[in-house]
Amino acid sequence: MFIPLHDANPLRHVAFPYVTWALIGVTVAVHAAIWLAAQSTLIPNAETGATVAFGVIPSVVEGIRRMPAIYDLVPPPVTLVSYAFLHADMWHLAGNMVFLWVFGDNVEDAFGHLKFLAFYLVSAAVAGGAHVLLNPTSDLPLIGASGAIAAIVAAYLILHPRVRLWILALGRIPLPIPAWLALGAWILFQFYNVAVHQGDNVAWWAHIGGLAAGAALVLVLRRPGVRLFDSGTDLGATA
């Protein structure tokens, strides 16, 4: 739908969004390491192997299938988090990381570093769990940070609906629009795709699960004094 470019929303509680940048760095590093391994003759099937071993396979999580021994590297519940650090290609990675870069810092600012890290990992697990719940017999691995990103979008929208965003609409038109319009449209697009695009290669239910997690967790994880539905201001800064 659009690519977020910038938001006019300064940080008020943290000097630097360390966790947001750490998550971006780790996710990019994982993708680069797998890609480099795949280019070598030592691990020619590294990308497929990582996807199967660390992606969420619903039938394996549900105990319907057993993971082949060569890929049985972590317990199935662990994949409900590890899948969020894997991506299919550079475009998949870049799309998720841009959303994390633009919106993650302000959510981290509202929560604090450790609570934001917990928020991201729990949201990824809830999103993966939603995908498993709705596709319990699927043997296809789920990868990508989109579920956790959906949680960040939901939390940001509830915190800062009136902040002005610069977006790249249709991949080419820069526009300044309020967050409620851009992110509200993005959320409606997820529900639309759940209704009409079931069976394609995008795990739309994971996005819905992430949205639900983000909307619920922002109510309990935000700092004392941080208001909801404001325009980037709150009741006062805390250390």
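It should be emphasised that the depicted structure is a prediction, and the values quoted were computed from it without experimental measurement.

### Comments concerning the overall build of the protein chain
Right, on to step 1. Tallying secondary structure elements over the protein chain gives nine helices and three strands in all.
Right, on to step 2. Counting from the amino terminus, helix and strand elements in the protein chain follow one another as β-α-α-α-α-α-α-α-β-β-α-α.
Right, on to step 3. Going through the 239 residues of the protein chain one by one, you find that 49% of them count as buried.
Right, on to step 4. A fraction of 75% describes how many contacts in the protein chain between residues 6 or more apart in sequence connect residues 24 or more apart.

### Describing the nonpolar core
Right, on to step 1. The biggest cluster of nonpolar side chains holds 57 residues, and the ones touching the most others in it are Leu100, Phe111, Phe116, Phe119, Ile152, Leu165 and Leu183.
Right, on to step 2. Listed by contribution, the elements that provide at least two residues to this core are helix H1 (18–39), helix H5 (90–111), helix H6 (113–134), helix H7 (146–159), strand E2 (164–169), helix H8 (179–196) and helix H9 (204–221).
Right, on to step 3. Broken down by element, the residue count for this core peaks at twelve residues, all from H7.
Right, on to step 4. When near neighbours in sequence (up to four residues on either side) are disregarded, phenylalanine 111 contacts Phe116, Phe119, Ala155, Val218, Leu221, Arg222 and Arg223.

### Some points on the pattern of salt bridges
Should the charged atoms of two oppositely charged side chains come close, the side chains can pair.
Right, on to step 1. A complete count under the given rule lists one salt bridge for this structure.
Right, on to step 2. Close ionic contact of arginine 65 with aspartate 139 constitutes a salt bridge, the shortest N to O distance being 3.3 Å. Remark: aspartate 139 occurs in the loop between H6 and H7 and arginine 65 occurs in the loop between helix H3 (58–61) and helix H4 (79–82); sequence separation between them is 74 residues.
Right, on to step 3. Given a relative accessible area of 42%, aspartate 139 falls into the partly exposed group.

### Considerations on empty space enclosed by the protein
Right, on to step 1. Summed over the entire model, instances satisfying the criterion amount to two cavities of 30 Å³ or more.
Right, on to step 2. Its volume calculated, the second largest cavity comes out at about 70 Å³.
Right, on to step 3. In terms of lining, the second largest cavity is formed by Ala53, Gly55, Ile57, Val60, Val61, Met67, Asp72, Val74, Pro76 and Thr79.
Right, on to step 4. In terms of residue class, the lining of the second largest cavity is built from seven nonpolar, two polar and one charged.

### Here we look at the packing of H6 against H7
Right, on to step 1. It is the contact of H6 with H7, at a shortest axis distance of 7 Å, that shows an interaxial angle of 120 degrees. As summarised for this structure, H6 and H7 are arranged oblique, according to the angle between their axes. Where H6 crosses over H7, the handedness of that crossing is right-handed. Contact with H6, carried on its side by Phe116, Phe119, Tyr120, Ser123, Ala124 and Ala127, involves Gly147, Ala148, Ile149, Ala151, Ile152 and Ala155 of H7 and no other residues of that element.

### Quick word on the pairing of E2
Right, on to step 1. Note: strand E1 (residues 2–7) against E2, five bridges, orientation antiparallel. Across the sheet, the residue bridging to isoleucine 3 is leucine 168, located in E2.

### Things to note about the layout of surface pockets
Empty space among the atoms becomes apparent when a probe as large as a water molecule is rolled across them.
Right, on to step 1. Put simply, the second largest pocket is a space of about 160 Å³.
Right, on to step 2. Together, Val30, His31, Ile34, Trp35, Glu47, Ala50, Thr51, Phe85, Leu86, His87, Ala88 and Ile143 line the second largest pocket.
Right, on to step 3. Of all the secondary structure elements, the ones that give two or more residues to the lining of the second largest pocket are H1 and helix H2 (46–54).
Right, on to step 4. Counting residues per element, the lining of the second largest pocket draws most heavily on H1, which supplies four residues.

### Things to note about the sheet that holds E2
Hydrogen bonds along the backbone pair up the strands of a sheet, which may run parallel or antiparallel.
Right, on to step 1. Here three strands make up an open sheet; going across it, the order is E1-E2-E3 and the pairing antiparallel. The open sheet has two edge strands with one neighbour each: E1 and strand E3 (173–178). Put simply, the sheet's adjacent strands are angled 30 degrees from each other on average, direction ignored.

### Overview of the packing of aromatic side chains
Right, on to step 1. A full pass over the atoms with the stated rule returns seven aromatic pairs.
Right, on to step 2. With a centroid separation of 5.7 Å and an interplanar angle of 55 degrees, the aromatic rings of phenylalanine 99 and phenylalanine 103 are classed as tilted. Residue phenylalanine 99 and its partner phenylalanine 103 are located together in helix H5, separated by four residues, close to a single helical turn. There is no split in this pair, since phenylalanine 99 and phenylalanine 103 are both buried.

### A word on the side chain of threonine 27
Right, on to step 1. The residue threonine 27 is located in helix H1 in this model.
Right, on to step 2. On the basis of relative accessible area, threonine 27 is assigned to the buried category, the value being 0%.

### Points about H9
Right, on to step 1. Here H9 contains 18 residues, and its C-alpha end-to-end distance of 25 Å stays within 8% of the 26 Å for a straight helix at 1.5 Å per residue.
Right, on to step 2. Among all positions in H9, only Trp204, Ala206, His207, Ile208, Gly209, Gly210, Leu211, Ala213, Gly214, Val218 and Leu221 are buried.
Right, on to step 3. Tucked into the core, H9 has its buried residues touching H5, H6, H7 and H8.

So, how was this worked out
- Residues numbered from 1 in each chain as written.
- Predicted model: local features only at pLDDT ≥ 70, side-chain atom pairs only at ≥ 80, totals over all residues.
- Heavy atoms only, no water.
- Helix = DSSP H or I, 4+ residues; strand = E, 2+ residues; numbered from the N terminus.
- Buried < 20%, exposed > 50% of the residue type's maximum accessible area, 1.4 Å probe, protein only.
- Contact = heavy atoms within 4.5 Å.
- Core = buried A, V, L, I, M, F, W, Y, C linked by side-chain atoms within 4.5 Å.
- Salt bridge = Lys/Arg side-chain N within 4 Å of Asp/Glu carboxyl O.
- 1 Å grid on protein atoms, 1.4 Å probe; cavity = no way out; pocket = protein on both sides within 12 Å on 5 of 7 lines; lining within 4 Å.
- Points joined across faces, edges and corners; volume = space filled by probe spheres on them.
- Nonpolar A, V, L, I, M, F, W, Y, C, P; charged D, E, K, R; others polar.
- Axes fitted to C-alpha atoms, helices over the stretch in contact; angles between N-to-C directions.
- Parallel < 35°, antiparallel > 145°, perpendicular 65-115°, else oblique.
- Left-handed = near helix turned anticlockwise from the far one by under 90°.
- Pairing = 2+ DSSP bridges.
- Phe/Tyr/Trp six-rings, centres within 6.5 Å; stacked < 30°, edge-to-face > 60°.
- Expected span 1.5 Å × (residues − 1).

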